[in-house]
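Residues per chain are reported as follows:
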Amino acid sequence: MSLAPSKRGGNAAEAAVHQLVDGLRYVPDSEAEHYDAEVVELLSPSSDLPFVGICLLESGVAVEIKSAMAVYGEAQRRGRFLIRQSQHEHLLDVSGVYLFAVCEPTPARDVVSMKVVPASLVDEFEFSWVGRDTRAPYAQFAWSRIFTPEEVER
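Report follows, based on the coordinates. The structure displayed is predicted, hence computed values, not measured ones.

**Considering the pattern of salt bridges**
Here the structure, examined in full by the defined rule, presents five salt bridges. Where Glu64 meets Lys66, a salt bridge forms, and the shortest distance between an N and an O atom there is 3.4 Å. Overall, the relative accessible area of 3% leaves Glu64 in the buried class. The exposure class of Lys66 is buried, given its relative accessible area of 11%. Salt bridges sharing partners connect three or more residues here, namely Arg25, Glu31 and Glu38.

Right, here's the structure in full:
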């Protein structure tokens with residue numbers, strides 16, 4: 001069965017992040033369904049990977065990688081991150097973080113900008129969970145809630 005384009009794009013972005021960020025170990029869904037990576041060596045913020053609200057990431061921290069395209073559609077709207085409620089609640093329970101990545105709107109999903117944000121601070125973005133009969137509750141928000149235009153539109 002073929003993956004949906006959005007899933008393929010997310011996988012490409014996740015692989016790109018793993019190539020760019022030393023100190024992360026890939027975590028398959030068979031090991032942990034609520035996050036994509038785990039810190040294996042102390043990570044500090046840098047100009048390429050700023051942190052929001054924290055000074056470092058210690059070994060063992062759960063990291064969920066979320067990506068959005070810089071723009072999408074004919075109107076060239078800013079891309080959106082999608083987070084799932086069950087995943088978010090798990091990250092809150094384990095004091096995990098999100099690594100948000102904004103990517104080029106190409107199949108390769110080259111990373112334009114990244115930022116680490118603790119799950120506890122994501123709650124301050126003022127979003128609503130959307131639930132449907134066929135889909136678990138989720139929320140979406142534009143990358144501009146996390147990044148400035150100057151960080152993305154270079």
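Back to the write-up after that little detour.
**Quick notes on the nonpolar core**
Ranked by size, the top nonpolar core spans 24 residues in total, and within it Phe81, Phe100, Val122, Phe141, Ile146 and Phe147 carry the most contacts. Elements represented by at least two residues in this core include exactly β3 (62-69), β6 (80-84), β7 (97-103), β8 (111-118), α3 (119-122) and β10 (135-142). Of all the elements, β7 adds the most residues to this core, at three residues. Contacts of Phe147, omitting those with residues within four sequence positions, involve Phe81, Phe100, Val102, Ser113, Met114, Lys115 and Val152. Val61, Leu99, Ala101 and Met114 belong to the second-largest nonpolar core, a separate cluster that totals 19 residues.

**A few points about unusual backbone geometry**
Unusually for a residue other than glycine, Ser95 sits at a positive phi of about 55°. Examined against the element boundaries, Ser95 turns out to sit in the loop between α2 (85-93) and β7. With a phi close to 55°, Arg109 is a non-glycine residue in the positive phi region. Mapped onto the fold, Arg109 is located in the loop between β7 and β8. Owing to a relative accessible area of 14%, Arg109 belongs among the buried residues under this scheme.

Calculation notes
Sequence order as written defines residue numbering, which begins from 1 separately in each chain. Only residues with pLDDT of at least 70 are given local features in this predicted model, and only at 80 or more are side-chain atom pairs given and counted; all residues enter the totals for whole chains, interfaces and linings. Only heavy atoms go into the side-chain values, all of them from the structure, while hydrogens and water stay out. Each reported salt bridge corresponds to a side-chain nitrogen of Lys or Arg within 4 Å of a carboxyl oxygen of Asp or Glu. Only protein chains enter the accessibility calculation, which uses a 1.4 Å probe; a residue is then buried when its area is under 20% of its type maximum, exposed when over 50%, and partly exposed in between. Buried residues of nine kinds, namely Ala, Val, Leu, Ile, Met, Phe, Trp, Tyr and Cys, make up a nonpolar core once their side-chain atoms join them within 4.5 Å. To qualify as a helix, a DSSP run of H or I must reach at least 4 residues; to qualify as a strand, a run of E must reach at least 2; elements of each kind are numbered from the N terminus. Throughout, a residue-residue contact means that at least one pair of heavy atoms, one from each residue, lies within 4.5 Å.

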